[in-house]
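Here is what each chain is made of, one letter per residue.
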Amino acid sequence: MHRSFEIIGKVMTVAAGIGYALLALGPSLSLFVSVISRKPFLILTLLSSTLVWLVSLIVLSGLWRPFLPLKANVWWPYTLLVLSSVCFQEALRFLFWKLYMRLEDVLDSFADRISRPRLFLTDKLQIALAGGLGHGVAHAVFFCLSLLTPAFAIIALAFVTIHTFSMVIAFEGYAKGNKVDQVIVPVIHLSAGMLTLVNFASEGCVIGVPLLYLVASLTLLHCGKMVWQRLIESRNQSGPTLR
Amino acid sequence: MDRNQQRPRSSILDSLGEELIGILTPVSICMFTVVLLVCLLNSDPSSSSFSSIATAAYSETDSDSPWDKLLGAFLNSLVFVAAITVATFLLVLLFYLRCVTFLKLYMGFSALVVLANLGGEISILLIDRFRFPIDSLTFSILLFNFSVVGVFAVFMSRFSILITQGYLVVIGVLVAYFFTMLPEWTTWVLLVALALYDLAAVLLPVGPLRLLVEMAISRDEDIPALVYEARPVIRDDSRLVQRRVWREQRSNVNDDDVENNVVRAEEEEEQRSEEISVPLIDSSSSSSSRPETFLEGIGLGASGAIKLGLGDFIFYSVLVGRAAMYDLMTVYACYLAIIAGLGVTLMLLSVYQKALPALPVSIMLGVVFYFLARLFLEVFVVQCSSNLVMF
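Computed from a predicted model, the values in this text were never measured in an experiment.

1. Concerning the interface of chain B and chain A
- With 57 residues of chain B at the interface, the matching set in chain A holds 67 residues.
- Across the chain B to chain A interface the summed buried area is about 6000 Å²; carbon plus sulfur atoms make up 74%.
- Looking only at chain B, the three residues that lose the most surface to chain A are B:L13, B:M390 and B:F391, adding up to 16% of its buried area.
- Put simply, chain B and chain A have zero salt bridges between them.
- Across the contact surface, chain B and chain A share four residue pairs in polar contact (both at pLDDT 80 or more).
- Contributing elements (two or more residues each) for the side of chain B that touches chain A: α1 (18-40), α10 (294-297), α12 (328-352) and α13 (359-386) of chain B.
- For the side of chain B that touches chain A, the element with the most residues is α13(B), which contributes 13 residues.
- Grouping the amino acids of the side of chain B that touches chain A by side-chain chemistry returns 38 nonpolar, 11 polar and eight charged.

Printed below as a string of C-alpha cells:
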C-alpha cells in the first residue's frame, strides 16, 4: 500500500521502522522535548521554519523536475543538483534571517508596551535553535522518511545536526556582522552536500559518512564556542548584579 | 543591592502564543491518530464497500476513465453538500423556534451513535488486527461505559475539561476515519466542495451558519454545537457540529453589552493565570480605543478562548488520512499546509473579529501541497535518496 515500501522491495517491521526514524530524529526529539516544548513561541517558530524549508524543497523539485530522472551512475548532474540546491537554500536562509529581524523588532516593541523585559540573548539563541531544528527536521523527513533504511538514517542524523547548529551560527553571524561566521555556514553546507556525492563510488560511503560526521562535529564545536563567547560577553556587559 | 535578591524577570517568550498552541495540539493529535489508524488498518480500498450518502450518486470502480471518475465524484459531492445544506437550514429553523432542548438531545444521541457504533467497529477492526484476546461480554461492557461517559462529557457542561476535550477529539477521529474510506476522487472533490460551502455558509448574508451565529449573538445564547474549546470557561455550554472558528474577544473597545457579559466571565479566569494578558493593562486605559499592534493582530498578544468546530477537526483529518494512503511524505506536506492555513485563519480572526470559516484556507492549501508533493517531491527525493545524495 505504501509507495515507500514498494520502492525498497522488502518487508519492514514496525519496530525496525521506528528504530530507524528515531536514529535520525532522536536527538531532535530530545531537543524538542527539553527546550522547545517549554515555550509555545518556539513551537510556532519550529513549525514555520519547517514549512519554509519544505516550500524551498518543493520549489527546488519543481525547478529540477524537467531534468529528472537523471541517468544512473553518472555523477556530475548530481553535482549541479547539490550546488544549485545549496545556493538556493543559503539565499533563503538569509531571507529567513531578515524576516526574523523584523519579528524581533515587533517582539521588542510589544515587550516595551506591556512593560516586560526585551528579548534576552538566550531567547534569541533559542529562536535560532528552533529555526535550525525546523530545517533539520524538514531535511530528515524529506530525505529519510520515505525510505527508512539504516544508511539514510545515519546520514540524516549528521545532516540534522549540521542544519540545527549552523542556523544558530548563521543568525549570530548576520546579527553581529561577523564575516567568519557568515561564510562558514554556506561552506559547511556545501561541503556536506559534496561529501555525500562520494557515496557514488563503490564502498564510497565508508569514507563519506565518517567525514560527514567530522563536519557535523566541527559545526557543533564552532557553535558551542561561539555561544559560550557570546554568553560570557553579555554577562560581562550587563554587570554582575543582573542575572 | 536589593536587586540581587529579586528573582529574574521572565521573558515574554515564556508564554507568548500559548493559546495558538492550545488549539494546534488537539488538531495535531486528531490528525496523527487518524494517520495511525489508516496505517494500521490499511485495508484494500476496493474491498471495503462503504456506502453512505456521499457515494449515493456514483460509486467509483477502478475500471472507469478519469473523466467518468471526476464526473461521478462531482455528483457525489453535490449530493452531499445539498444534504448538509438542508440539514443546516433545518438546524437554523429549530434554533429559531427555540427548540434548544431537542437539539441538545439530538446531539447527545448522535454522540452516542458515533462513539458506540463507529467506535465499536474500529475497536473490532483493531482487535482483529492485533489478535487481542478479549471476549464479547467484556468488550460490550467497556464499549457501553465508554460511550455513556462520552455522551455525558459532551452533553453536560460541568464535566472535567480534559475529558470533554479528549472525547471531542475521539469523536473527530472516529468520524474522520470513516470518511477516509470513501473512494479517492470523491474524497478530494468533496473536500474542495465543502471548503467552498463553508465559505458561502459563513460569509454570505443568506448563509445558514451566519444566520445561526447572528441569532445566537442577538439572544446571548450559545449555539448548541459540538465545539472544541481551547480554554476552560465557566459558563453554560451546549454543543453541535459546526464548521467555523470564532473567538471570545477581549474587547476593550466593544460597546456591545452582550460581548461584555461574555468577556467578564473570562477575565476572572484570566487574572488567575500568570500569562501575558494585555487587558490587565487595558483596564486602566478604560474604553479609549487604541491601535492594535501587529502581535495582537496575529493573535499572539491577546488572550481569549479560541473555539474550533468539530467539523473542522474531521475534515482536516480526512485530508491527512487520505494523504497517508499515498505516502508519508504527502502526510508531512499536508500537515504543514493545514497548520499554516489554520494559523492564517486565526490571524484573520484577530483582524476581523467575527465568525470565520476555518475550512477554506487550510483545505485549499492542503490540496495544493498534496498535489505538489505527489507530482514534484517524490521524483526528486527518489532520485537523490537512491544514490545516497543529500544536501
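2. Details of the nonpolar core
- If you look at the biggest cluster of nonpolar residues, it comprises 174 residues, and the most contacted ones within it are B:L194, B:Y316, B:I363 and B:F391.
- Per-element accounting of this core gives the leading share, 15 residues, to helix α6 (residues 150-176) of chain A.
- The contact partners of B:L194, leaving out residues within four places of it in the chain, are B:F80, B:V81, B:I84, B:F315 and B:L359.

3. Let's talk about helix α3 (residues 40-64) of chain A
- The end-to-end C-alpha distance of α3(A) is 36 Å, a good match for the 36 Å that 25 residues give at a rise of 1.5 Å each.
- Most of α3(A) sits inside the fold, with 18 of its 25 residues counted as buried.

4. Some details on the UniProt feature "transmembrane region" (unreviewed entry) in chain B
Residues and elements named next belong to chain B.
- With numbering aligned to this structure, UniProt lists the feature "transmembrane region" (unreviewed entry) at residues 20-43, 73-97, 109-127, 139-155, 162-182, 188-209, 332-352 and 358-377.
- Segment residues 73-97 splits into 96% helix and 0% strand. End C-alpha atoms: 36 Å apart.
- End-to-end, the C-alpha atoms of residues 162-182 are 31 Å apart, and along that stretch the chain is 86% helix and 0% strand.

5. Thoughts on a nonpolar patch on the surface
- The grouping of A:V198, A:V206, A:I207, A:L211, A:L214 and A:L218 at the surface amounts to a nonpolar patch, some 520 Å² of accessible area in total.
- Look at A:V198 and you get partly exposed, because its relative accessible area is 31%.

6. A look at the side chain of A:T161
Residues and elements named next belong to chain A.
- Among the secondary structure elements, T161 is positioned in helix α6.
- Classification of T161 by relative accessible area gives buried; the value is 17%.
- Sequence-distant contacts of T161, that is, excluding residues within four places in its chain, are made with A216 and L220.

7. Digging into the environment of B:G343
- Mapped onto the elements, B:G343 comes out in helix α12.
- Taking C-alpha positions, B:G343 is 9.9 Å from B:A358, a pair spaced 15 residues apart along the chain.

8. Structural notes on unusual backbone geometry
Residues and elements named next belong to chain B.
- Even without glycine at this site, R98 takes up a positive phi of about 60 degrees.
- The residue R98 is located in the loop between α2 (66-96) and α3 (100-130) in this model.
- Take R98: its relative accessible area is 54%, and that puts it in the exposed class.
- Positive phi, close to 55 degrees, is recorded for Q353, a residue that is not glycine.
- With respect to the secondary-structure elements, Q353 resides in the loop between α12 and α13.
- Judged by relative accessible area, which is 37%, Q353 ranks as partly exposed.

9. A word on the pairing of strand β3 (residues 306-309) of chain B
Residue and element names in this part refer to chain B.
- Burial along β3 is two-sided: the face carrying I306 and L308 and the face carrying K307 and G309 are both buried.
- With three bridges joining them, strand β1 (residues 227-229) and β3 adopt antiparallel strand pairing. Pairing of V227 across the sheet is with G309, part of β3.

10. Focus: the pattern of salt bridges
- Going through the model one piece at a time under the given rule, you end up with nine salt bridges over all chains.
- The partner of A:D108 in a salt bridge is A:R118, with the nearest N and O atoms 4.0 Å apart. One end of the pair, A:D108, is in helix α4 (residues 76-113); the other, A:R118, is in the loop between α4 and α5 (121-144), with 10 residues separating them in the sequence.
- Put simply, B:R131 and B:D128 hold a salt bridge, and the shortest N to O gap is 3.6 Å.

11. Some thoughts on the environment of B:G309
- Relative to the elements of secondary structure, B:G309 occurs in strand β3.
- Measuring from C-alpha to C-alpha, the distance between B:G309 and B:P357 comes to 9.5 Å, with 48 residues separating the pair along the chain.

12. Quick word on the UniProt feature "transmembrane region" (unreviewed entry) in chain A
Residue and element names in this part refer to chain A.
- In the numbering adopted here, UniProt assigns the feature "transmembrane region" (unreviewed entry) to residues 12-34, 41-63, 75-96, 151-171 and 207-228.
- Segment residues 41-63 splits into 100% helix and 0% strand. End C-alpha atoms: 33 Å apart.
- With 100% helix and 0% strand, the stretch residues 207-228 has end C-alpha atoms that lie 32 Å from each other.

13. Observations concerning the packing of α3(A) against α13(B)
- Put simply, α3(A) and α13(B) touch, their axes get as near as 9 Å, and they point 60 degrees apart. At the point where α3(A) passes α13(B), the crossing takes the left-handed sense. Across from A:L51, A:L54, A:V55, A:L57, A:I58, A:L60, A:S61, A:G62 and A:W64 in α3(A), the residues of α13(B) making contact are B:F369, B:L372, B:F376, B:L377 and B:F380.
- Taken together, the residues of the contact of α3(A) with α13(B) sort by class into 12 nonpolar, two polar and no charged.

Rules behind the numbers
Residues numbered from 1 in each chain as written. Chains lettered and ligands numbered in written order. Predicted model: local features only at pLDDT ≥ 70, side-chain atom pairs only at ≥ 80, totals over all residues. Heavy atoms only, no water. Contact = heavy atoms within 4.5 Å. Buried area = accessible area lost by both parts, 1.4 Å probe. Salt bridge = Lys/Arg side-chain N within 4 Å of Asp/Glu carboxyl O. Polar contact = N/O pair within 3.5 Å; in protein donor to acceptor, adjacent residues only side chain to side chain. Helix = DSSP H or I, 4+ residues; strand = E, 2+ residues; numbered from the N terminus. Nonpolar A, V, L, I, M, F, W, Y, C, P; charged D, E, K, R; others polar. Core = buried A, V, L, I, M, F, W, Y, C linked by side-chain atoms within 4.5 Å. Buried < 20%, exposed > 50% of the residue type's maximum accessible area, 1.4 Å probe, protein only. Expected span 1.5 Å × (residues − 1). UniProt positions renumbered as here; feature names shortened; annotations may be inferred. Patch = residues over 30% accessible without salt bridge, like charges linked within 9 Å, V, L, I, M, F, W, Y side chains within 5 Å. Areas by Shrake-Rupley, 256 points an atom, 1.4 Å probe, with all protein chains shown as cover. Pairing = 2+ DSSP bridges. Axes fitted to C-alpha atoms, helices over the stretch in contact; angles between N-to-C directions. Left-handed = near helix turned anticlockwise from the far one by under 90°.

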